[in-house]
Amino acid sequence: MRPQRTFWEKATAIHVFCQQGEFRGGERFSRHWHDLIRLDHAGIAEIAIADRVLALAVAGHKSMFFPEKAAAGELIDYVAAVSGGLRLVPSDTPLASLSLDYARMLDDGLLMGDAEAFENLLEQCRDLEARANKVK
(Lines give C-alpha, C1' and ligand atoms only; values in the text may rest on other atoms or scores of the structure.)
Protein backbone atom coordinates (compact mmCIF):
# COMPACT_ATOMS: atom_id res chain seq x y z
CA MET A 1 0.00 0.00 0.00
CA ARG A 2 1.32 3.44 -0.86
CA PRO A 3 2.13 5.55 2.20
CA GLN A 4 -0.28 8.24 0.99
CA ARG A 5 -3.11 5.73 1.15
CA THR A 6 -1.94 4.65 4.60
CA PHE A 7 -2.25 8.30 5.63
CA TRP A 8 -5.89 8.48 4.53
CA GLU A 9 -6.75 5.06 5.95
CA LYS A 10 -5.41 6.09 9.36
CA ALA A 11 -6.85 9.61 9.21
CA THR A 12 -10.34 8.29 8.46
CA ALA A 13 -10.02 5.63 11.19
CA ILE A 14 -9.14 8.41 13.63
CA HIS A 15 -12.06 10.45 12.33
CA VAL A 16 -14.41 7.55 13.08
CA PHE A 17 -13.07 7.31 16.64
CA CYS A 18 -13.61 11.05 17.11
CA GLN A 19 -17.21 10.67 15.88
CA GLN A 20 -17.98 7.57 17.96
CA GLY A 21 -16.08 8.48 21.09
CA GLU A 22 -14.91 4.97 21.88
CA PHE A 23 -12.44 2.32 20.81
CA ARG A 24 -14.14 -0.47 18.90
CA GLY A 25 -11.31 -2.83 18.40
CA GLY A 26 -9.52 -3.15 21.66
CA GLU A 27 -6.46 -1.42 22.93
CA ARG A 28 -3.49 0.19 21.23
CA PHE A 29 -5.60 2.24 18.87
CA SER A 30 -3.54 5.33 19.72
CA ARG A 31 -0.82 3.99 17.43
CA HIS A 32 -2.75 5.56 14.55
CA TRP A 33 -2.16 9.08 15.91
CA HIS A 34 1.53 8.29 16.35
CA ASP A 35 1.77 6.86 12.83
CA LEU A 36 -0.06 9.82 11.32
CA ILE A 37 2.41 12.28 12.82
CA ARG A 38 5.34 10.16 11.64
CA LEU A 39 3.86 10.21 8.12
CA ASP A 40 3.57 13.98 8.42
CA HIS A 41 7.21 14.31 9.53
CA ALA A 42 8.25 12.26 6.49
CA GLY A 43 6.40 14.59 4.09
CA ILE A 44 3.77 11.97 3.22
CA ALA A 45 0.84 13.88 4.72
CA GLU A 46 1.36 16.89 2.47
CA ILE A 47 1.42 14.69 -0.63
CA ALA A 48 -1.64 12.71 0.53
CA ILE A 49 -3.66 15.82 1.37
CA ALA A 50 -2.99 17.23 -2.09
CA ASP A 51 -4.09 13.98 -3.77
CA ARG A 52 -7.84 14.54 -3.95
CA VAL A 53 -8.40 11.51 -6.19
CA LEU A 54 -6.83 9.25 -3.58
CA ALA A 55 -8.67 10.89 -0.67
CA LEU A 56 -12.02 10.43 -2.41
CA ALA A 57 -11.14 6.85 -3.41
CA VAL A 58 -10.43 5.95 0.23
CA ALA A 59 -13.64 7.69 1.31
CA GLY A 60 -15.66 5.82 -1.32
CA HIS A 61 -14.13 2.48 -0.39
CA LYS A 62 -14.78 2.97 3.31
CA SER A 63 -18.32 4.18 2.66
CA MET A 64 -19.05 1.02 0.73
CA PHE A 65 -17.22 -1.60 2.80
CA PHE A 66 -16.85 -0.06 6.27
CA PRO A 67 -19.92 2.07 7.02
CA GLU A 68 -19.85 3.35 10.59
CA LYS A 69 -22.27 5.31 12.73
CA ALA A 70 -21.40 8.26 14.92
CA ALA A 71 -22.31 8.33 18.61
CA ALA A 72 -25.67 9.96 17.81
CA GLY A 73 -26.51 7.21 15.32
CA GLU A 74 -26.05 9.00 12.01
CA LEU A 75 -23.90 7.46 9.30
CA ILE A 76 -20.36 8.84 9.17
CA ASP A 77 -19.76 10.68 5.90
CA TYR A 78 -16.23 9.80 4.79
CA VAL A 79 -16.42 12.07 1.75
CA ALA A 80 -17.18 15.02 4.02
CA ALA A 81 -14.30 13.94 6.26
CA VAL A 82 -11.76 14.10 3.44
CA SER A 83 -13.33 17.27 2.02
CA GLY A 84 -12.87 19.74 4.86
CA GLY A 85 -14.56 17.98 7.79
CA LEU A 86 -11.77 15.77 9.15
CA ARG A 87 -11.48 15.40 12.92
CA LEU A 88 -8.21 14.12 14.32
CA VAL A 89 -8.52 15.23 17.95
CA PRO A 90 -11.29 13.83 20.15
CA SER A 91 -12.83 15.68 23.07
CA ASP A 92 -13.59 14.98 26.72
CA THR A 93 -14.02 11.30 27.66
CA PRO A 94 -12.68 9.91 24.37
CA LEU A 95 -9.61 12.11 24.81
CA ALA A 96 -9.02 10.63 28.27
CA SER A 97 -9.32 7.10 26.84
CA LEU A 98 -6.87 7.97 24.09
CA SER A 99 -4.41 9.42 26.60
CA LEU A 100 -4.56 6.28 28.73
CA ASP A 101 -4.13 4.01 25.69
CA TYR A 102 -1.14 6.08 24.52
CA ALA A 103 0.46 5.97 27.97
CA ARG A 104 0.10 2.19 28.05
CA MET A 105 1.73 1.90 24.63
CA LEU A 106 4.63 4.07 25.80
CA ASP A 107 5.01 2.04 28.99
CA ASP A 108 5.03 -1.19 26.99
CA GLY A 109 7.72 0.19 24.65
CA LEU A 110 5.55 -0.28 21.57
CA LEU A 111 6.27 3.06 19.92
CA MET A 112 9.64 3.01 18.23
CA GLY A 113 12.09 5.88 18.42
CA ASP A 114 11.40 9.12 20.17
CA ALA A 115 7.67 8.95 20.78
CA GLU A 116 5.94 12.30 21.15
CA ALA A 117 4.64 13.44 24.50
CA PHE A 118 0.85 13.11 24.38
CA GLU A 119 0.13 16.86 24.45
CA ASN A 120 2.70 17.44 21.71
CA LEU A 121 1.11 14.67 19.66
CA LEU A 122 -2.31 16.31 20.00
CA GLU A 123 -0.96 19.73 19.04
CA GLN A 124 0.60 18.27 15.90
CA CYS A 125 -2.68 16.49 15.10
CA ARG A 126 -4.60 19.77 15.50
CA ASP A 127 -2.21 21.40 13.04
CA LEU A 128 -2.49 18.47 10.62
CA GLU A 129 -6.29 18.55 10.89
CA ALA A 130 -6.32 22.26 10.04
CA ARG A 131 -4.05 21.73 7.02
CA ALA A 132 -6.12 18.78 5.76
CA ASN A 133 -9.38 20.72 6.15
CA LYS A 134 -8.13 23.64 4.04
CA VAL A 135 -8.19 21.41 0.94
CA LYS A 136 -11.70 20.72 -0.33
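Presented here is an overview of the structure given in this document. (Residues numbered from 1 in each chain as written. Predicted model: local features only at pLDDT ≥ 70, side-chain atom pairs only at ≥ 80, totals over all residues. Heavy atoms only, no water.)

Things to note about the nonpolar core
Ranked by internal contacts, the top residues of the largest apolar core, which has 39 residues, are Phe7, Trp8, Trp33, Leu88 and Leu128. No other element matches helix H1 (residues 3-20), which puts 8 residues into this core. (Core = buried A, V, L, I, M, F, W, Y, C linked by side-chain atoms within 4.5 Å. Buried < 20%, exposed > 50% of the residue type's maximum accessible area, 1.4 Å probe, protein only. Helix = DSSP H or I, 4+ residues; strand = E, 2+ residues; numbered from the N terminus.)

Observations regarding unusual backbone geometry
In this structure, Asp92 is a non-glycine residue whose phi angle is positive, near 50 degrees. Within the secondary structure, Asp92 is located in helix H6 (residues 92-107).

Quick notes on the pattern of salt bridges
Opposite charge on two side chains permits them to pair, given that their charged atoms come into close proximity. Under the defined criterion, the tally for this structure stands at 9 salt bridges. The salt bridge involving Glu9 is made with Lys62; its shortest N-O contact spans 3.6 Å. Placement of the pair is Glu9 in helix H1 and Lys62 in helix H4 (residues 52-65), with a sequence separation of 53 residues. According to the relative accessible area criterion, Lys62 is buried, its value standing at 8%. (Salt bridge = Lys/Arg side-chain N within 4 Å of Asp/Glu carboxyl O.)

Focus on the packing of H6 against helix H7 (residues 118-134)
Two numbers describe how H6 lies on H7: the axes approach to 11 Å, and their chain directions differ by 125 degrees. On the basis of the axis angle, H6 is oblique to H7. The hand of the H6/H7 crossing is right-handed. Counted together, Leu95, Leu98, Ser99 and Tyr102 of H6 and Phe118, Leu121 and Leu122 of H7 form the full contact between these two elements. Of the residues in the contact of H6 with H7, the class split is 6 nonpolar, 1 polar and no charged. (Axes fitted to C-alpha atoms, helices over the stretch in contact; angles between N-to-C directions. Parallel < 35°, antiparallel > 145°, perpendicular 65-115°, else oblique. Left-handed = near helix turned anticlockwise from the far one by under 90°. Contact = heavy atoms within 4.5 Å. Nonpolar A, V, L, I, M, F, W, Y, C, P; charged D, E, K, R; others polar.)

Brief notes about the packing of H1 against helix H2 (residues 31-41)
With their axes 10 Å apart at the nearest point, H1 and H2 run at an angle of 140 degrees to one another. Classified by the interaxial angle, the pair formed by H1 and H2 is oblique. Taken as a pair, H1 and H2 cross one another with a handedness that is left-handed. Each of Pro3, Thr6, Phe7, Lys10, Ala11, Ile14 and Phe17 in H1 lies in contact with H2, whose residues at this interface are His32, Trp33, Asp35, Leu36 and Leu39.

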